[in-house]
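Notes for the structure review
Below are the chains, spelled out letter by letter.
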Amino acid sequence: MKPILIEEVQDILETFENKELYFHLETTSGAYAAQNKEKLAVGAYIRNGSLQFTNVKIAGSGPFRVGFKLKEGWMYAEGLTDYQLDDGRLLMAGHDDSGRLAIAVQLSYTPFD
Amino acid sequence: MEKQVLVIFPHPDDEAFGTAGLMTKFINEGVPVTYACATLGEMGRNMGNPFFATRETLPEVRKKELKDACQAMGVNDLRMLGFRDKTLEFEDPELLVSTFSKLVDELKPSLVITFYPGYGIHPDHDACGAAVVEAIRRLPASDRPTLYTLPITPDRESVLGKPDKVFDVTDVLDTKIKTIEAHRSQTEAMVARLDDGSLDPNSDIMTFIKQESFWIYPFDE
Ligand SMILES: [Zn+2]
């Protein structure tokens, strides 16, 4: 993965507009975070959900936010730092300084494994 | 002497700190050891700095690490069970139990090793341990293998008492460290400290690595 360049990623995102897509959306504070009783361990995970979006915008000055306007709703994520386009799939993720993944947003025309 | 050992954990690297030494000892004695690993740790968070993986390539990275770890220990029967990381507690428990029952029926182990359910910290550890306990509970009492369980919560000794079995693995420490190193994606930061010698041989972590402790699971009957 490489650091997000906002114009480049905006262009890639727009190629996915108005198409049937599979998405992966994940946030996590880590399974072991639950050990720390003072902090609320949170996470969410959807793999191969399907959606179509009509508009998309990546915003911020890094880490970035991305918002998808769906036919009948919204999806958004924040804290994204890096991206990679592979085999027509767009992988975006937010990593902390030590390289630990905290959020991932991925789009694909075919289901993820 | 054990006839056959079956180790069942949910994630590659679960064996590294708690049982790699004992597994190596068994192998050195000529006891067959099967390692059944339920998932590939697909949800691991550490992608490296610089990155060595993405969410999509991590399973292959960890599969390779798992095979390398088995090679380090000399385990030649590795079963990758194909479940997905962080989903075990949501699976139909019967699916897990029957998967483990089949392994037990096939291998007829004299000793099984897993996590102590309820003391696993990670939900996959608890779900795995509970299903292994259930698979063995269903056997007639006289056919049950011994079950070594690993509780890893900090309160383990205050609740469960002292471990039933404590093994000194100093004699196979090199192999154990190689096993830990094989799981590079998970252990990189620690391994760096082992390599540069900044870990005092008498430090807590080294004391912890040199000893492996197990609680024999108490079946009621
Ligand atoms: Zn684990």
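To keep things clear, this report deals only with the structure shown in the data block. For clarity, every value in this text was computed on a predicted model and none was experimentally measured.

**As for the pairing of strand β7 (residues 82–86) of chain A**
Residues and elements named next belong to chain A.
- Alignment of strand β1 (residues 2–3) against β7, held across 2 bridges, turns out to be antiparallel. Directly across from Pro3, in β7, lies its bridge partner Asp82.
- Here β7 hands over to strand β8 (residues 89–95) after 2 residues, with Asp87 in that stretch at a positive phi of 50°.

**Structural notes on the pattern of salt bridges**
Residue and element names in this part refer to chain B.
- Applying the stated rule across the entire model yields 15 salt bridges over all chains.
- Glu94 serves as the salt-bridge partner of Arg138, at 2.8 Å between the closest nitrogen and oxygen. Here Glu94 lies in helix α4 (residues 93–107) and Arg138 lies in the loop between α5 (123–137) and β5 (146–150), a separation of 44 residues in the sequence.
- Looking at Arg138, the relative accessible area reads 45%, which means it is partly exposed.

**What to know about the sheet that holds strand β9 (residues 101–108) of chain A**
- The strand order β1-β7-β8-β9-β2-β3 (chain A) describes an open sheet built from 6 strands, whose pairing is antiparallel. Of all the strands in the sheet, the pair left with one neighbour each is β1 and β3 (43–51) of chain A.

**Notes on the interface of chain B and chain A**
- Between chain B and chain A, the residue contacts involve 16 residues of the former and 25 residues of the latter.
- Sorting the residues of chain B by area buried against chain A places Arg45, Phe51 and Glu56 of chain B first, and these three jointly supply 40% of that buried surface.
- For the pair chain B and chain A, the number of links is 2 salt bridges.
- Taken together, chain B and chain A are joined by 9 residue pairs in polar contact (both at pLDDT 80 or more).
- Considered class by class, the residues forming the side of chain B that touches chain A number 5 nonpolar, 6 polar and 5 charged.

**Digging into the environment of Phe26 of chain B**
Residue and element names in this part refer to chain B.
- Inspection of the secondary structure puts Phe26 in helix α2 (residues 20–28).
- Overall, Phe26 belongs to the buried group, its relative accessible area being 9%.
- In this structure, the C-alpha to C-alpha distance between Phe26 and Met73, residues 47 residues apart in sequence, is 9.8 Å.

**Considering the packing of helix α3 (residues 58–73) of chain B against helix α7 (residues 173–182) of chain B**
Residues and elements named next belong to chain B.
- Axis separation between α3 and α7 bottoms out at 8 Å; the angle between their running directions is 170°. When the axes of α3 and α7 are compared, the pair comes out roughly antiparallel. Across the interface between the two elements, Glu65, Asp68, Ala69, Ala72 and Met73 of α3 pack against Thr175, Lys178, Thr179 and Ala182 of α7.
- Among the residues forming the contact of α3 with α7, the class breakdown is 4 nonpolar, 2 polar and 3 charged.

Criteria and thresholds
Residues numbered from 1 in each chain as written. Chains lettered and ligands numbered in written order. Predicted model: local features only at pLDDT ≥ 70, side-chain atom pairs only at ≥ 80, totals over all residues. Heavy atoms only, no water. Pairing = 2+ DSSP bridges. Helix = DSSP H or I, 4+ residues; strand = E, 2+ residues; numbered from the N terminus. Salt bridge = Lys/Arg side-chain N within 4 Å of Asp/Glu carboxyl O. Buried < 20%, exposed > 50% of the residue type's maximum accessible area, 1.4 Å probe, protein only. Contact = heavy atoms within 4.5 Å. Buried area = accessible area lost by both parts, 1.4 Å probe. Polar contact = N/O pair within 3.5 Å; in protein donor to acceptor, adjacent residues only side chain to side chain. Nonpolar A, V, L, I, M, F, W, Y, C, P; charged D, E, K, R; others polar. Axes fitted to C-alpha atoms, helices over the stretch in contact; angles between N-to-C directions. Parallel < 35°, antiparallel > 145°, perpendicular 65-115°, else oblique.

Remember, this is a structural readout, not a statement about activity or role.
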